[in-house]
Amino acid sequence: MAHLGGDLAGTNLLAALMVLPVGGLAIGLLLLDELDNAFANVYSSTVSVHNLAPRLDRRVISVAVGVVATVLAGLAGFDQYEGFLYLIGSAFVPLFTVAVVDFFVTRRGRWDTTATAPFRWSPTLAWFFGFVAYQLIYPGSIPGWSDLWAGLAQALGFVAPGWLGSTLGSIVVSAVAAAGLGAIDTAVRRQRAERRGA
């Protein structure tokens with residue numbers, strides 16, 4: 001199986017499928033099957049953007065997200081899909097880690113999800129550190145983007161040990177950062193509350 005994967009490296013998989021007698025039908029069915037996922041992704045992105053900018057019309061956001069996603073999908077080659085998945089992973093792995101640490105360790109099960117909840121920098125910085133760690137350990141294969149992170153790692157003199165995967169490294173860095181920054185944030189908030197009380 002590994003040998004087969006090596007032979008397919010660099011092959012235009014979409015064109016190869018279209019050459020098959022029922023390749024067009026298979027691709028058509030695949031596209032039809034993925035419509036619900038595309039709708040869910042556009043909807044999820046729309047809700048996220050609307051949460052950040054509630055004054056924007058959701059219909060306009062939905063159309064904009066759909067157009068941008070379609071254009072980007074058309075510009076990105078199918079052979080870059082794996083690199084795109086790694087890029088998504090580099091964002092969501094530390095995000096999930098920070099959410100878990102923040103909820104269970106820093107906030108101890110008490111999240112303020114009201115409309116007046118203040119923005120907190122500590123989880124955002126912890127996520128950023130985890131994202132950077134992921135990229136430095138494995139910058140992926142997207143032209144330009146990967147070169148940027150590989151160059152940064154080289155400039156810093158950072159060489160990841162062979163046993164350290166990008167996911168594990170990102171989890172450790174973002175978890176430690178979330179716990180540490182969360183503790184500092186909690187202490188600062190407590191001091192401010194005591195000063196107000198005094």
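Everything numeric in this text was worked out from a predicted model, so none of it was measured.

(A) Seen up close, the side chain of Ser90. If you trace the backbone, Ser90 turns up in helix α5 (residues 81–106). With a relative accessible area of 0%, Ser90 lands in the buried category. Within polar-contact distance, the side chain of Ser90 engages the side chain of Gln135 at 2.7 Å. If we skip the residues at most four places from it in the chain, Ser90 touches Phe131, Tyr134 and Gln135.

(B) The packing of helix α6 (residues 121–137) against helix α7 (residues 145–156), seen in detail. Remark: α6 packs on α7, axes separated minimally by 8 Å, with the N-to-C direction vectors making an angle of 90°. Relative to α7, α6 is oriented roughly perpendicular. When α6 is examined against α7, the residues Phe131, Val132, Gln135 and Leu136 are found in contact with a partner set consisting of Trp145, Trp149, Leu152, Ala153 and Leu156. When its residues are assigned to classes, the contact of α6 with α7 shows eight nonpolar, one polar and no charged.

(C) Seen up close, the confidence of the model for the chain. Across the chain, the average pLDDT comes to 86, with 91% of residues at or above 70. Within the chain, the lowest mean pLDDT, 43, falls on helix α1 (residues 2–8), and the highest, 96, falls on α6. For the stretch residues 1–10, pLDDT sits under 50, and the model shows zero contacts to residues farther than four places along the chain or on other chains.

(D) Quick look at the packing of aromatic side chains. Evaluation of the coordinates by the stated rule reveals ten aromatic pairs. Judged by centre distance (5.0 Å) and plane angle (90°), the rings of Phe103 and Phe104 are edge-to-face. Aromatic ring contacts, followed pair by pair, group Trp127, Phe131, Trp145 and Trp149 into a single cluster.

(E) Inspection of empty space enclosed by the protein at higher detail. Enumeration over the complete set of coordinates arrives at two cavities of 30 Å³ or more. Gly83, Tyr86, Leu87, Tyr134, Gln135, Tyr138, Pro139, Gly140, Ile142 and Trp145 are the residues that line the largest cavity. Of all the secondary-structure elements, those providing two or more residues to the lining of the largest cavity are α5 and α6. The class makeup of the residues in the lining of the largest cavity is seven nonpolar, three polar and no charged. By volume, the second largest cavity amounts to about 40 Å³. Considering the residues around the second largest cavity, the lining is formed by Val98, Asp102, Thr106, Ser122, Pro123, Ala178 and Gly182. At the level of elements, α5, α6 and α8 (166–197) are the ones that each hand at least two residues to the lining of the second largest cavity. A per-element tally of the lining of the second largest cavity places α5 first, with three residues. Grouping the constituent residues of the lining of the second largest cavity by class yields three nonpolar, three polar and one charged.

(F) Region of the structure containing a nonpolar patch on the surface. Taken together, the side chains of Val63, Val67, Val68, Val71, Leu72 and Leu75 present a nonpolar region at the surface, about 580 Å² in accessible area. The class of Val68 is partly exposed, set by a relative accessible area of 48%.

(G) Representation of the environment of Ile171 in the model. Position of Ile171 relative to the elements: it lies in helix α8. For the pair Ile171 and Gly130, spaced 41 residues apart in sequence, the C-alpha separation works out to 6.7 Å. In this view, Ile171 contacts Val93 and Thr97; residues no more than four positions away in its chain are not counted.

(H) Structural context of the side chain of His50. Residue placement: His50 occurs in helix α3 (residues 23–52). Apart from the residues lying within four places of it in its own chain, the contact partners of His50 are Leu56, Arg58 and Ile61.

Rules of the game
Residues numbered from 1 in each chain as written. Predicted model: local features only at pLDDT ≥ 70, side-chain atom pairs only at ≥ 80, totals over all residues. Heavy atoms only, no water. Helix = DSSP H or I, 4+ residues; strand = E, 2+ residues; numbered from the N terminus. Buried < 20%, exposed > 50% of the residue type's maximum accessible area, 1.4 Å probe, protein only. Polar contact = N/O pair within 3.5 Å; in protein donor to acceptor, adjacent residues only side chain to side chain. Contact = heavy atoms within 4.5 Å. Axes fitted to C-alpha atoms, helices over the stretch in contact; angles between N-to-C directions. Parallel < 35°, antiparallel > 145°, perpendicular 65-115°, else oblique. Nonpolar A, V, L, I, M, F, W, Y, C, P; charged D, E, K, R; others polar. pLDDT = per-residue confidence, 0-100. Phe/Tyr/Trp six-rings, centres within 6.5 Å; stacked < 30°, edge-to-face > 60°. 1 Å grid on protein atoms, 1.4 Å probe; cavity = no way out; pocket = protein on both sides within 12 Å on 5 of 7 lines; lining within 4 Å. Points joined across faces, edges and corners; volume = space filled by probe spheres on them. Patch = residues over 30% accessible without salt bridge, like charges linked within 9 Å, V, L, I, M, F, W, Y side chains within 5 Å. Areas by Shrake-Rupley, 256 points an atom, 1.4 Å probe, with all protein chains shown as cover. Salt bridge = Lys/Arg side-chain N within 4 Å of Asp/Glu carboxyl O.

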